[in-house]
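Chain by chain, the residues:
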Amino acid sequence: MKIKAYRTQFIQVLSTIFDEGEAESFFYLILEEKKQLKRIDLALQPDLEFSDADFQIWNAILEQLKLEIPVQYLLGKTHFYGLEFEVNENVLIPRPETEELVQWIVESQKLEVPIAIGRSEKSESKKLKILDIGTGSGCIAISLAKNLPEAQVFAIDVSEKALATAKKNAANNNVNVTFIHKNILEVVSLSEYDGLEQEFDIIVSNPPYVRNLEKQEIKKNVLDNEPHLALFVEDDNALIFYRKIAELAKQNLTQNGQLFFEINQYLGKEMIALLENMNFKNVELRKDIYGNDRMTRSSVQ
Ligand SMILES: C[S@@+](CC[C@H](N)C(=O)[O-])C[C@H]1O[C@@H](n2cnc3c(N)ncnc32)[C@H](O)[C@@H]1O
C-alpha cells in the first residue's frame, strides 16, 4: 500500500477521537520517527510504499492511539526547548508552557550579564547555581544546563523512576546535572543536604498543581496515562508546594536570587498574594501563549 493512501486511512480512523489536525500531526510525527521521512518527502515521492513490517508497526501504534495513549509515550520521546527527551509513564510529558518558563529564565540571565561579570570579577570560581524542584523528565534542569553552560544545576524529585529517566536525559544531552531524591514537603532546610548547602541564584519549580475539582477539565489521555503524582495535589491544597518551596527559597536564595514558578492558571492572584505576604520582592505574573496566567518570578531583595 502507498504511504499516502495509508495516511488518509490513518487520519480517518483517528478523527473519530481527535480533531483532524491532531490526527495528521500524529501521522507525521510517527513517519519521521519510524521511517525518517518528513511531510515534504511524501509530497515529493508520492509513490513511497509501506513494507509488511511497516504495516505491523503502524497498525500496533494505531491501536494504542485509539486507546488515547499519548503519542510521545508511544514513541518514547519528545522535544522540549530544542532538545530531545526520553519520556515514559513515570514522567510528565513536557509542555510548551514550560518552555516559556525556561525561556524567561534564560532571557533573564542574559540581561543579568553585567551582574554576572561583576560577580565573577569578585570571585572567579563563583558559578551560577540553579535548583529545579520536581524535575520529572529533567526538562527544565537540562535545558537550563544546556543554555546556561556556566551554571551548576541541581534537581530534586520524589520519584526514583522519574529521576532515572531524568539522568538518562541529562547524559543523552551531554549536560551535568546533580539529581537528588527527596520529598520536598519533608525538607526542613536545603542546606542539610550534600551539594545543596550553598545558596542558589535561581530556584525554579513546576510542581503538581491540579486540584481534584479541576479533574473534569483534564483530557482523558492525560488522566489515564500521565503520572498523578506529577499532576495532582492532595485535598485541593493547590498552593502547598509553592508555600513550601518559597519558604526554602527564603533561606537558600542568594541576595539577588530569583524564584521562578509555573502555576495553576486559576491561581495567579493567589500566587501573587502568597509571594507578597512572604515578603518576596519584584513579584511578576506572566501569561502563557494561550493567554492564561502561567508563571511567576520574584526575588528576595
Ligand atoms: C508537574 S511535574 C513537573 C515535571 C517537569 N519539571 C516538567 O516541567 O515537565 C511535577 C513533578 O514533581 C514531582 N513531585 C511530586 N511530589 C513531589 C514531592 N513531594 N517532592 C519532590 N518532587 C515531587 C513529580 O514526581 C513530578 O515529576
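Residues numbered from 1 in each chain as written. Predicted model: local features only at pLDDT ≥ 70, side-chain atom pairs only at ≥ 80, totals over all residues. Heavy atoms only, no water.

A. Geometry of the environment of lysine 281. Mapped onto the elements of the fold, lysine 281 is located in strand S8 (residues 281–287). You can call lysine 281 partly exposed: its relative accessible area is 37%. The sequence separation of lysine 281 and serine 298 amounts to 17 residues, and the corresponding C-alpha distance is 5.8 Å. For lysine 281, the contacting residues outside a window of four places in its chain are Ser298, Ser299, Val300 and Gln301. (Helix = DSSP H or I, 4+ residues; strand = E, 2+ residues; numbered from the N terminus. Buried < 20%, exposed > 50% of the residue type's maximum accessible area, 1.4 Å probe, protein only. Contact = heavy atoms within 4.5 Å.)

B. Inspection of the domain arrangement of the protein at higher detail. Structurally, the protein comprises domain 1 (3–67) and domain 2 (89–299). On a C-alpha basis, the centroid separation for the pair domain 1 and domain 2 is 36 Å. (Domains from an automatic or database assignment.)

C. Representation of the pairing of strand S2 (residues 83–86). On S2, burial follows the alternation: Leu83 and Phe85 on one face are buried, whereas Glu84 and Glu86 on the facing-out side are not. Here four bridges tie strand S1 (residues 77–80) to S2, and the two strands are oriented antiparallel to one another. Among the inter-strand pairings, histidine 79 is bridged to a residue of S2, identified as glutamate 84. (Pairing = 2+ DSSP bridges.)

D. View of the pairing of strand S6 (residues 200–205). With six of six residues buried, S6 is to be regarded as a mostly interior element. Note: strand S3 (residues 128–133) against S6, four bridges, orientation parallel. Bridging from a neighbouring strand, leucine 131 pairs with isoleucine 203 of S6. With five bridges joining them, S6 and strand S7 (residues 253–262) adopt parallel strand pairing. Across the sheet, residue valine 204 finds its bridge partner in S7, namely phenylalanine 260.

E. Region of the structure containing the pattern of salt bridges. Under the definition given, this model contains 15 salt bridges. Between glutamate 86 and lysine 168 there is a salt bridge, and its shortest N-O distance comes to 3.2 Å. Taken together, the residues glutamate 86 in strand S2 and lysine 168 in helix H9 (residues 160–172) connect sequence positions 82 residues apart. For lysine 168, a relative accessible area of 43% translates into the label partly exposed. (Salt bridge = Lys/Arg side-chain N within 4 Å of Asp/Glu carboxyl O.)

F. Quick peek at the site of the ligand. The immediate surroundings of the ligand are formed by 19 residues, with Gly134, Asp157, Asn183, Ile184 and Asn206 found nearest. Interatomic distance of 3.2 Å between a backbone N/O atom of threonine 135 and a nitrogen atom of the ligand. At 2.7 Å, a side-chain N or O of asparagine 183 approaches a nitrogen atom of the ligand. For the ligand, whose free accessible area comes to 600 Å², the fraction covered by protein is 96%. Taken together, the elements giving at least two residues each to the shell around the ligand come down to helix H8 (139–147) and helix H11 (228–231). Each residue belonging to the shell around the ligand can be placed in one class, and the counts come to ten nonpolar, seven polar and two charged. (Near = heavy atom within 4 Å. Polar contact = N/O pair within 3.5 Å; in protein donor to acceptor, adjacent residues only side chain to side chain. Areas by Shrake-Rupley, 256 points an atom, 1.4 Å probe, with all protein chains shown as cover. Nonpolar A, V, L, I, M, F, W, Y, C, P; charged D, E, K, R; others polar.)

G. A look at the packing of helix H1 (residues 3–14) against helix H2 (residues 20–35). Between H1 and H2, the least distance of the axes is 9 Å, while the angle of their chain directions is 135°. Viewed along their axes, H1 and H2 adopt a mutual orientation that is oblique. As for the relative orientation of H1 and H2, their crossing is right-handed in sense. Along its contact with H1, which presents Ile3, Tyr6, Arg7, Phe10, Ile11 and Leu14, the element H2 presents Glu20, Ala23, Glu24, Phe26, Phe27, Tyr28, Ile30, Leu31 and Lys35. Residue composition of the contact of H1 with H2, grouped by class: eleven nonpolar, no polar and four charged. (Axes fitted to C-alpha atoms, helices over the stretch in contact; angles between N-to-C directions. Parallel < 35°, antiparallel > 145°, perpendicular 65-115°, else oblique. Left-handed = near helix turned anticlockwise from the far one by under 90°.)

H. Local environment of the side chain of arginine 211. When you line up the elements, arginine 211 lands in the loop between S6 and helix H10 (220–225). Of the polar contacts made by the side chain of arginine 211, one reaches the side chain of glutamate 214; its length is 2.5 Å. Ignoring sequence-local partners within four residues, the contact set of arginine 211 consists of Phe232, Val233, Asp236, Ala238, Asn264, Tyr266 and Leu267.

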